[in-house]
Amino acid sequence: MRTVTYYPPWAFHYRVEFEDSSTPDDARFQSVSGLSVEYETEEYAEGGENRFVHKLPVRTTYSDLVLTRGMFTGSETIAWFLEAFRDRVFSPRSLTVTLLNERSEPLRTWNVVHAIPKKWSISDLDAQESAVVIETLELTYRYFHVSPSPQASETRTA
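In this text the structure is predicted, and so the values were computed from the model without any measurement.

(A) Representation of the overall build of the protein in the model. Per the secondary structure count, the protein includes one helix and nine strands. Starting at the N terminus and ending at the C terminus, the protein contains elements arranged as β-β-β-β-β-α-β-β-β-β. Here the C-alpha atoms of the protein give a radius of gyration of 20 Å, more than 25% beyond the 15 Å that 2.2 N^0.38 yields for 158 residues. Each principal axis of the C-alpha distribution contributes one length, and for the protein these read about 65 × 55 × 35 Å. When the 158 residues of the protein are sorted by exposure, 26% land in the buried category. In the protein, once contacts between residues fewer than 6 apart in sequence are set aside, the share between residues at least 24 apart is 67%. Here the protein has roughly 10,800 Å² of accessible surface; of this, 52% comes from carbon and sulfur atoms. Of note, the protein has its 16 positive side-chain charges centred 4 Å away from the centre of its 23 negative side-chain charges.

Here it is in structure tokens:
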């Protein structure tokens, strides 16, 4: 009988840290999406070879990063967003998204470079619902680096 030595990490234990943010609660988000990268391709039809078309990589594109959480008052990150929208002052920041294991040790880190605010929204305010106000922060960025954490073991025993 074979012993299972690896289980994929859980997707619910992570943290988000903004450069220049000194508020620890500013790193708590309900969900993170948009950590994806792909190549745009250009098709090239070779003369005389009609069975296929060559698809050549042209440039790398990154999705927008979308962060959601319960609305946080006193947020330095929201102040940064509002400065961009109100005053049109765009100060790029870096941020990290770190996936954590069950001991809160880093498993993998995405270092997002040159992020700027793109959209900020809050959920509907509805007197008939007893729901938490959710704010959504959307950022555009240049690229990200992915780095595994050497101090964290990615294997767990059953």
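Now that the structure has been shown, the text picks up again.
(B) Spotlight on the pattern of salt bridges. Scanning all chains against the criterion turns up nine salt bridges. One salt bridge in this structure joins Glu102 and Arg103, with 3.1 Å as the shortest N-O distance. When its relative accessible area of 45% is taken as the criterion, Glu102 is described as partly exposed. Between Arg103 and Glu105 there is a salt bridge, with the nearest N and O atoms lying 3.3 Å from each other. According to the relative accessible area criterion, Glu105 is partly exposed, its value standing at 26%. The network of salt bridges with shared partners includes Asp26, Arg69 and Glu135.

(C) Spatial organisation of the layout of surface pockets. Counted as a void, the largest pocket has a volume near 160 Å³. When the residues that make up the lining of the largest pocket are grouped by side-chain class, the tally is seven nonpolar, no polar and no charged.

(D) Spatial organisation of a nonpolar patch on the surface. Taken together, Met71, Leu82, Phe85, Trp120, Ile122 and Leu125 make up a surface patch of nonpolar side chains, about 540 Å² in accessible area. As for its placement among the helices and strands, Met71 is situated in the loop between strand 5 (65-70) and helix 1 (76-87).

(E) Representation of the environment of His54 within the structure. Its place among the elements puts His54 in strand 4 (residues 54-62). Between the alpha carbons of His54 and Thr41 there is a distance of 9.4 Å; along the sequence they are 13 residues apart. When near neighbours in sequence (up to four residues on either side) are disregarded, His54 contacts Glu42, Glu43, Tyr44 and Glu46.

(F) Expanded view of the packing of aromatic side chains. In the structure shown here, the tally under the stated rule is seven aromatic pairs. Residues Phe18 and Trp80 carry aromatic rings whose centres are separated by 6.0 Å and whose planes lie at 65° to one another, so their mutual orientation is edge-to-face. Separated by 62 residues along the polypeptide, Phe18 in strand 1 (residues 14-18) and Trp80 in helix 1 bring together distant segments of the chain. Among the residues examined, Trp80 registers a relative accessible area of 3% and is labelled buried.

(G) Focus on the side chain of Thr68. Here Thr68 lies in strand 5. Accessibility expressed as a relative area gives 13% for Thr68, which makes it buried. A polar contact is formed between the side chain of Thr68 and the side chain of Ser31, at a distance of 2.4 Å. Not counting chain neighbours up to four residues away, the residues in contact with Thr68 comprise Phe29, Gln30, Ser31, Ile134, Glu135 and Thr136.

Conventions and cut-offs
- Residues numbered from 1 in each chain as written.
- Predicted model: local features only at pLDDT ≥ 70, side-chain atom pairs only at ≥ 80, totals over all residues.
- Heavy atoms only, no water.
- Helix = DSSP H or I, 4+ residues; strand = E, 2+ residues; numbered from the N terminus.
- Rg over C-alpha atoms; globule rule 2.2 N^0.38 Å.
- Buried < 20%, exposed > 50% of the residue type's maximum accessible area, 1.4 Å probe, protein only.
- Contact = heavy atoms within 4.5 Å.
- Areas by Shrake-Rupley, 256 points an atom, 1.4 Å probe, with all protein chains shown as cover.
- Lys, Arg positive; Asp, Glu negative; His and termini not counted.
- Charge placed at Lys NZ, Arg CZ, Asp CG, Glu CD.
- Salt bridge = Lys/Arg side-chain N within 4 Å of Asp/Glu carboxyl O.
- 1 Å grid on protein atoms, 1.4 Å probe; cavity = no way out; pocket = protein on both sides within 12 Å on 5 of 7 lines; lining within 4 Å.
- Points joined across faces, edges and corners; volume = space filled by probe spheres on them.
- Nonpolar A, V, L, I, M, F, W, Y, C, P; charged D, E, K, R; others polar.
- Patch = residues over 30% accessible without salt bridge, like charges linked within 9 Å, V, L, I, M, F, W, Y side chains within 5 Å.
- Phe/Tyr/Trp six-rings, centres within 6.5 Å; stacked < 30°, edge-to-face > 60°.
- Polar contact = N/O pair within 3.5 Å; in protein donor to acceptor, adjacent residues only side chain to side chain.

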